[in-house]
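Residues per chain are reported as follows:
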Amino acid sequence: MAPKRPRTHLTAERIQAFLDDALSRDDRAEVQEHATFCGRCHAELEAWQFLYSELGGLPELSPAPNFRDRVLAGLDTALPAAQAAQRRFGWLRRRAVRAAEHLDPERLQDYVEGLLPARQMARVSAHLEACGGCRGEEEQWRSLIQGIEKLPVMAPSRAFASHVMGQIRIGRRVRPVAARTTLGHALTRALAWAGRLIPRTQKAWAVISGIALTPATVVALLAYAVFSNPLVTPEGMASFFWWRISGGATALWGLLADGLVESGITFYAYSFLDLLAGAPAVAAMVAVSFAAATSLSGWVLYRNLMTTHTVDGNYARTSI
Amino acid sequence: MDFDTQTDKELAALAAASNEGAFAELLRRYERPIFSLVYRMVRDRALAEDLAQEAFIRAFNAVSSYDPRYKFSSWIFKIANNHTIDHLRRRKLDTVSIDGSPHARTAQEGEQTRLVVESTDENPQEYVEHRELGDQIEQAIGKLRPEYRTAVLLRHVEGYAYEEISQIMDLPLGTVKTYLHRARGELKKTLAHLIS
């Protein structure tokens with residue numbers, strides 16, 4: 001059976017909608033079928049396709065300087081016609097503007113770095129072939145990135161590795177070493193924190209000096225006020241303070257001695273010594289325990305305060 | 001034991017078990033890249049050595065906390081970068097000088113702490129030209145914000161992928177991309193006379 005012959009030709013709007021991919025699947029199939037069998041519509045479709053491809057490469061043009069004023073002046077009467085034109089030819093303008101726009105810097109950087117998907121890479125390549133301005137930009141980005149990539153890798157001094165290896169903890173089974181490092185770390189942090197309190201500007205130093213001098217100035221003024229009285233002499237003041245301090249110290253000592261006697265500590269100490277004298281085995285055990293505790297504490301102090309990692313030719317020794 | 005053939009993760013596991021050779025091998029692998037990054041961040045050789053040294057000591061003393069699901073390089077770069085950024089923030093040194101240490105008090109000290117680029121296989125003229133170009137690029141990088149500087153150095157000097165930079169800097173991927181776009185934009189503007 002021969003295919004059904006179309007009764008009417010394709011309209012210009014229908015062909016444009018077809019090229020803009022704005023038709024449903026059925027309508028699209030219908031247009032394709034029609035164009036296959038209708039020579040006139042086929043020729044029309046090819047003409048529109050050619051126009052589309054040509055418009056894609058058009059540069060963006062600027063209107064005359066008074067163009068905007070003229071449009072706005074005729075807006076009231078021309079509006080319906082302008083809207084119709086917009087509807088009819090909007091796609092043409094959008095395509096022309098899209099083709100004439102330059103690539104933005106981010107897109108160009110991503111292109112140079114090869115980060116775009118394949119399809120976008122192809123699009124950008126096509127644009128670069130056609131657009132000299134963007135090609136120049138792309139070369140600049142490429143040159144910049146290559147310049148950075150050529151920067152050399154820097155090497156630290158020869159002693160660097162041994163300094164690092166000399167300070168790392170290799171084998172942490174010795175607890176006191178960890179304690180020492182924690183203490184050292186806390187001290188370093190405290191010093192760093194204290195360092196931040198040091199003024200760094202002249203103004204800050206002036207303020208700090210003013211604050212620091214205020215009490216000294218007050219004391220100096222008070223001393224001046226006191227010693228300006230003819231009855232008050234430095235010798236007299238010294239004798240007075242000595243009398244007060246020695247009296248206070250004597251009273252304090254008496255208080256402590258009374259407290260010691262009355263608390264019963266002396267009695268308990270005497271009883272303990274009496275017990276040790278009566279039982280030599282207990283006395284020996286106490287002596288040994290005391291010696292062991294002293295040795296242990298001495299060893300802990302030695303490990304924490306005296307020993308350091310020995311650095312030889314091949315980094316630190318293992319301290320287990 | 002032949003440490004050369006071990007992966008970073010294997011070495012990290014050995015280091016966590018107190019193997020001194022593993023520490024030494026990890027240090028050998030990373031001392032140059034870490035030092036380069038820190039040096040370009042602070043532009044002071046002595047200070048860079050101190051900061052890089054502290055970063056390594058911190059990392060090695062905490063190697064048992066390293067999570068092998070992530071790359072070791074990302075982990076150690078993260079520690080070094082955070083340590084350097086903290087230092088810059090404390091000192092408020094947002095930009096660095098190509099001409100030597102910002103702490104240099106005399107011209108001689110400045111010259112001593114100046115960036116030194118070692119010669120390559122180039123002939124003397126090429127070397128001088130590249131050195132001048134490199135100096136200007138270094139100077140432009142030194143003027144970037146510390147975060148931009150880190151991103152550019154990690155991407156284009158160390159050659160890290162965006163995802164790794166995102167892990168190192170602890171930032172979303174989109175932010176890293178934005179940082180890099182902006183940083184390169186600033187560099188392009190600063191170096192326009194060289195690359196146009």
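Here is a short report on the structure shown in this document.

Definitions and limits used
Residues numbered from 1 in each chain as written. Chains lettered and ligands numbered in written order. Predicted model: local features only at pLDDT ≥ 70, side-chain atom pairs only at ≥ 80, totals over all residues. Heavy atoms only, no water. Helix = DSSP H or I, 4+ residues; strand = E, 2+ residues; numbered from the N terminus. Buried < 20%, exposed > 50% of the residue type's maximum accessible area, 1.4 Å probe, protein only. Contact = heavy atoms within 4.5 Å. Areas by Shrake-Rupley, 256 points an atom, 1.4 Å probe, with all protein chains shown as cover. Phe/Tyr/Trp six-rings, centres within 6.5 Å; stacked < 30°, edge-to-face > 60°. Lys NZ or Arg CZ within 6 Å of the ring centre and 35° of its normal. Core = buried A, V, L, I, M, F, W, Y, C linked by side-chain atoms within 4.5 Å. Disulfide = S-S within 2.5 Å. Patch = residues over 30% accessible without salt bridge, like charges linked within 9 Å, V, L, I, M, F, W, Y side chains within 5 Å. Salt bridge = Lys/Arg side-chain N within 4 Å of Asp/Glu carboxyl O. Lys, Arg positive; Asp, Glu negative; His and termini not counted. Charge placed at Lys NZ, Arg CZ, Asp CG, Glu CD. Buried area = accessible area lost by both parts, 1.4 Å probe. Polar contact = N/O pair within 3.5 Å; in protein donor to acceptor, adjacent residues only side chain to side chain. Nonpolar A, V, L, I, M, F, W, Y, C, P; charged D, E, K, R; others polar. Expected span 1.5 Å × (residues − 1).

## Brief notes about the overall build of chain A
Next, step 1: Secondary structure summary: chain A contains 14 helices and two strands in total.
Next, step 2: Expressed as a percentage of the 320 residues in chain A, the buried residues total 20%.
Next, step 3: Considering only intrachain contacts with a sequence separation of at least 6, the fraction spanning at least 24 residues in chain A is 64%.
Next, step 4: Here chain A displays about 24,200 Å² of accessible surface, and carbon together with sulfur accounts for 63% of that area.

## Some thoughts on the packing of aromatic side chains
Think of a pair of aromatic rings as described by two things: how far the centres are apart, and how the planes are tilted against each other in angle.
Next, step 1: Inspection of the entire model under this criterion finds 13 aromatic pairs over all chains.
Next, step 2: Their ring planes at 55° and their centres at 5.1 Å tell us that F23 of chain B and F60 of chain B sit as a pair that is tilted. Of this pair, F23 of chain B sits in helix α2 (residues 20-42) while F60 of chain B is found in helix α3 (residues 45-61), placing the two residues 37 residues apart along the sequence. You'll find F23 of chain B and F60 of chain B in the same group, each marked buried.
Next, step 3: Taken together, a centroid distance of 5.2 Å and an interplanar angle of 75° make the contact between F77 of chain B and Y160 of chain B edge-to-face. You can see F77 of chain B sitting in helix α4 (residues 72-91) and its partner Y160 of chain B sitting in the loop between α7 (146-157) and α8 (162-169), a full 83 residues away along the chain.
Next, step 4: Classification of F77 of chain B as buried rests on a relative accessible area of 1%.
Next, step 5: An aromatic cluster of three or more residues is present, and its members are F160 of chain A together with F23, F56 and F60 of chain B.
Next, step 6: Positioned above the aromatic ring of Y39 of chain B is the side chain of R43 of chain B, whose terminal nitrogen or guanidinium carbon lies 5.8 Å from the ring centre.
Next, step 7: One residue, R45 of chain B, lies across the ring of Y39 of chain B, its end atom 5.7 Å from the ring centre.

## A few points about the nonpolar core
Next, step 1: In this structure, I148 of chain A together with I34, F56, F60, I76 and F77 of chain B are the most contacted members of the largest nonpolar core, which totals 79 residues.
Next, step 2: Take this core: its biggest share by element is 13 residues, from α2 of chain B.
Next, step 3: Other than its neighbours up to four places away in sequence, F77 of chain B contacts Y30, P33, I34, L37, L154, E158, Y160 and I168 of chain B.
Next, step 4: Listed in part, the eleven residues of the second largest apolar core include I15, F18, A35 and L45 of chain A.

## Details of the state of the cysteines
Two cysteines, two sulfur atoms, one covalent bond between them: this is a disulfide.
Residues and elements named next belong to chain A.
Next, step 1: This structure, assessed with the given rule, holds zero disulfides over all chains.
Next, step 2: With no disulfide of its own, C38 lies 3.5 Å from the sulfur of C41, the closest cysteine sulfur.
Next, step 3: According to the relative accessible area criterion, C38 is buried, its value standing at 9%.
Next, step 4: For C134, which is in no disulfide, the shortest distance to another cysteine sulfur is to C131 and amounts to 3.6 Å.

## Things to note about a positive patch on the surface
Next, step 1: Together, R189 and R196 of chain A together with R58, R90 and R91 of chain B give the surface a local cluster of positive charge.
Next, step 2: Along the chain, R90 of chain B turns up in helix α4.

## Focus: the interface of chain B and chain A
Next, step 1: Each side of the interface is counted separately: chain B has 45 residues, and chain A has 38 residues.
Next, step 2: Of the roughly 3,900 Å² buried between chain B and chain A on both sides combined, carbon and sulfur atoms contribute 63%.
Next, step 3: In this structure, the connection of chain B to chain A is made through three salt bridges.
Next, step 4: With a closest N to O distance of 3.1 Å, E137 of chain A and K188 of chain B form a salt bridge.
Next, step 5: Across the chain B-chain A interface, the total number found is twelve residue pairs in polar contact (both at pLDDT 80 or more).
Next, step 6: Elements with a contribution of two residues or more to the side of chain B that touches chain A: α2, α3, α6 (124-142), α7 and α9 (173-190) of chain B.
Next, step 7: If one sorts the elements of the side of chain B that touches chain A by residue count, α2 of chain B sits on top with eleven residues.
Next, step 8: Among the residues making up the side of chain B that touches chain A, the classes are represented as 23 nonpolar, eleven polar and eleven charged.

## A few points about α4 of chain B
Next, step 1: Helix length check: α4 of chain B, at 20 residues, gives a terminal C-alpha distance of 29 Å against a target of 28 Å (1.5 Å per residue), a fit within 8%.
Next, step 2: Within α4 of chain B, 14 of the 20 residues are buried, leaving the element largely enclosed by the surrounding structure.

## What about α7 of chain B?
Residues and elements named next belong to chain B.
Next, step 1: Spanning twelve residues, α7 covers 15 Å between terminal C-alpha atoms, matching the ideal 16 Å at 1.5 Å per step.
Next, step 2: Within α7, twelve of the twelve residues are buried, which leaves the element mostly enclosed by the surrounding structure.
Next, step 3: Listed as buried for α7 are P146, E147, Y148, R149, T150, A151, V152, L153, L154, R155, H156 and V157.

## Quick word on the environment of T150 of chain B
All names here are of chain B.
Next, step 1: Tracing the chain through its elements places T150 in helix α7.
Next, step 2: Its relative accessible area of 0% is what places T150 among the buried residues.
Next, step 3: Sequence separation of T150 and M169 is 19 residues, and the distance between their C-alpha atoms is 8.2 Å.
Next, step 4: Once residues lying within four places of it in the same chain are set aside, the contact partners of T150 are M41, N81, I85 and M169.

## With respect to the pattern of salt bridges
Residues and elements named next belong to chain B.
Next, step 1: On inspection of all chains with the given rule, the structure shows 17 salt bridges over all chains.
Next, step 2: We note a salt bridge from R29 to E25, for which the minimum N-O separation is 2.9 Å. Taken together, the positions of R29 and E25, both in helix α2 and four residues apart, correspond to about one turn of that helix.
Next, step 3: We classify E25 as buried; its relative accessible area is 6%.
Next, step 4: A salt bridge links E49 to R45, with the nearest nitrogen and oxygen atoms 3.8 Å apart. Pair noted here: E49 and R45 are both in helix α3, with a separation of four residues, about one helical turn.

Note that all results are geometric; they support no functional claim without further evidence.
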